[in-house]
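Understanding the architecture of this molecule
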Amino acid sequence: MAEQAKPVENVKEVAQQAAKQDVTTPPKREYRTYLFLIALVAVVGAFTTLTILVKTTPSFPIDVQITRTLQSINSPIFAALMDLISWPGFSPQTYIFPLIIIGVLYLFGFHWEAVATLFATVFTPIVNVIVKDYIRRPRPTVDLVHVFRILDSYSFPSGHVMFYVGLFGFIWFLVYTLLKRSLRRTIMLVILGSFIALVGMSRIYLGQHWASDVLGAYLLGTLTLLVNIWFYRWGKKRFFVRQPVAPEKPKNITGAEAK
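What comes next concerns the included structure. Predicted, not measured: the structure shown is a model, and the values here were computed from it. (Residues numbered from 1 in each chain as written. Predicted model: local features only at pLDDT ≥ 70, side-chain atom pairs only at ≥ 80, totals over all residues. Heavy atoms only, no water.)

1. Examining the pattern of salt bridges
Tallying each qualifying case throughout the model produces three salt bridges. One salt bridge in this structure joins Arg-137 and Asp-63, with 3.4 Å as the shortest N-O distance. In this pair, Arg-137 sits in the loop between α5 (111–135) and α6 (159–178) while Asp-63 sits in helix α2 (residues 61–71), placing the two residues 74 residues apart along the sequence. For Asp-63, a relative accessible area of 2% gives the class buried. Residue Lys-236 is joined to Glu-113 by a salt bridge in which the shortest nitrogen-to-oxygen separation is 3.0 Å. Of this pair, Lys-236 sits in helix α8 (residues 211–239) while Glu-113 sits in helix α5, and the two are 123 residues apart along the sequence. Judged by its relative accessible area of 2%, Glu-113 falls in the buried class. (Salt bridge = Lys/Arg side-chain N within 4 Å of Asp/Glu carboxyl O. Helix = DSSP H or I, 4+ residues; strand = E, 2+ residues; numbered from the N terminus. Buried < 20%, exposed > 50% of the residue type's maximum accessible area, 1.4 Å probe, protein only.)

In structure tokens:
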């Protein structure tokens, strides 16, 4: 009798754990949802506040100080690294790299991922141009800092940073969610994350953006990245869900599944 009781006890334990999981999971989800909403409101509020300040101020004293501090680093290796980090964000690289990524995704069967990447490639720059044309903040000038290359577009928010966060951030998301844990996956995540993290410093060091331009771009780029991820998940559920191998069992008149 004791040997027969063990399976029953195991079943009870499994049932109790499942019931406990059902009870504890919804509060955890609600907690994460609240945290996400709080973070989202904080990002929107920070970007709105910064935009209002930037609209009336060509540059802040701390912007000049940060740029001069970075440019005081006298190292050819560091200068080459900063130039390399910014290189993918200039034309024609901004067209070539996305096309290569989209093509690779499509050839490997990730069709909706390719479509979503195309969306991220187009959507993020459009938002950047709209905000830039509204703020019309001038770029750093040679009388304040060293400018490695003079650009004729507006400064706030940084197009490079938004491009990296919106596109490379989305590719980071795809790599993290679609690939299994491996050395290759880790290397890809580190490379993408490094470019996203260092591009802001690069733009400041090259004298083509103020630190506040970079901060605003990280904030707005995060919002566009969330839109890109939402678009991907929205379409994935509707257009690219694999159909089940066998059809669902037909239901009888009472609504129960036929046996």
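Moving on from the model shown.
2. Focus on the environment of Pro-157
Within the secondary structure layout, Pro-157 lies in the loop between α5 and α6. C-alpha of Pro-157 to C-alpha of Trp-210: the two residues are 53 residues apart in sequence and 9.3 Å apart in space. Not counting residues up to four positions away in its chain, the partners in contact with Pro-157 are Asn-128, Val-131, Lys-132, Met-162, His-209, Asp-213, Gly-216, Ala-217 and Leu-220. (Contact = heavy atoms within 4.5 Å.)

3. Describing the side chain of Ser-158
With respect to the helices, strands and loops of the structure, Ser-158 is situated in the loop between α5 and α6. When its relative accessible area of 0% is taken as the criterion, Ser-158 is described as buried. Within the local environment of Ser-158, its side chain forms a polar contact with the backbone nitrogen of His-160, the two atoms lying 3.5 Å apart. The residues touching Ser-158, leaving out its near neighbours within four places in the chain, are Asn-128, Arg-203, His-209, Asp-213, Val-214 and Ala-217. (Polar contact = N/O pair within 3.5 Å; in protein donor to acceptor, adjacent residues only side chain to side chain.)

4. Topic: the packing of aromatic side chains
In total, this model carries 17 aromatic pairs according to the counting rule given. When the centroid spacing of 5.8 Å and the interplanar angle of 90 degrees are considered together, the rings of Trp-87 and Phe-97 count as edge-to-face. Residue Trp-87 is located in the loop between α3 (76–86) and α4 (93–107), and its partner Phe-97 is located in helix α4; the two are separated by 10 residues in the primary sequence. Ring geometry for Trp-230 against Trp-234: centres 6.2 Å apart, planes inclined by 20 degrees, an arrangement best described as stacked. Taken together, the positions of Trp-230 and Trp-234, both in helix α8 and four residues apart, correspond to about one turn of that helix. On the accessibility criterion, Trp-230 (54% relative accessible area) is exposed. Under the relative-accessibility criterion, Trp-234 is labelled partly exposed at 31%. For the cation-ring pair, Lys-55 lies above Tyr-134, with the distance from its terminal atom to the ring centre recorded as 4.5 Å. Over the ring of Phe-90 we find Arg-149; its NZ or CZ atom is 4.4 Å from the centre of that ring. (Phe/Tyr/Trp six-rings, centres within 6.5 Å; stacked < 30°, edge-to-face > 60°. Lys NZ or Arg CZ within 6 Å of the ring centre and 35° of its normal.)

5. Focus: unusual backbone geometry
For the peptide bond that leads from Ser-91 to Pro-92, omega is 10 degrees, which places it in the cis range. Each neighbour pair has its own omega, and for Phe-156 with Pro-157 the value is -10 degrees, a cis peptide bond. Positive phi is not limited to glycine here, since Arg-136 has a value of about 55 degrees. Relative to the helices and strands, Arg-136 resides in the loop between α5 and α6. When its relative accessible area of 54% is taken as the criterion, Arg-136 is described as exposed.

Any functional reading would require information beyond the geometric quantities listed.
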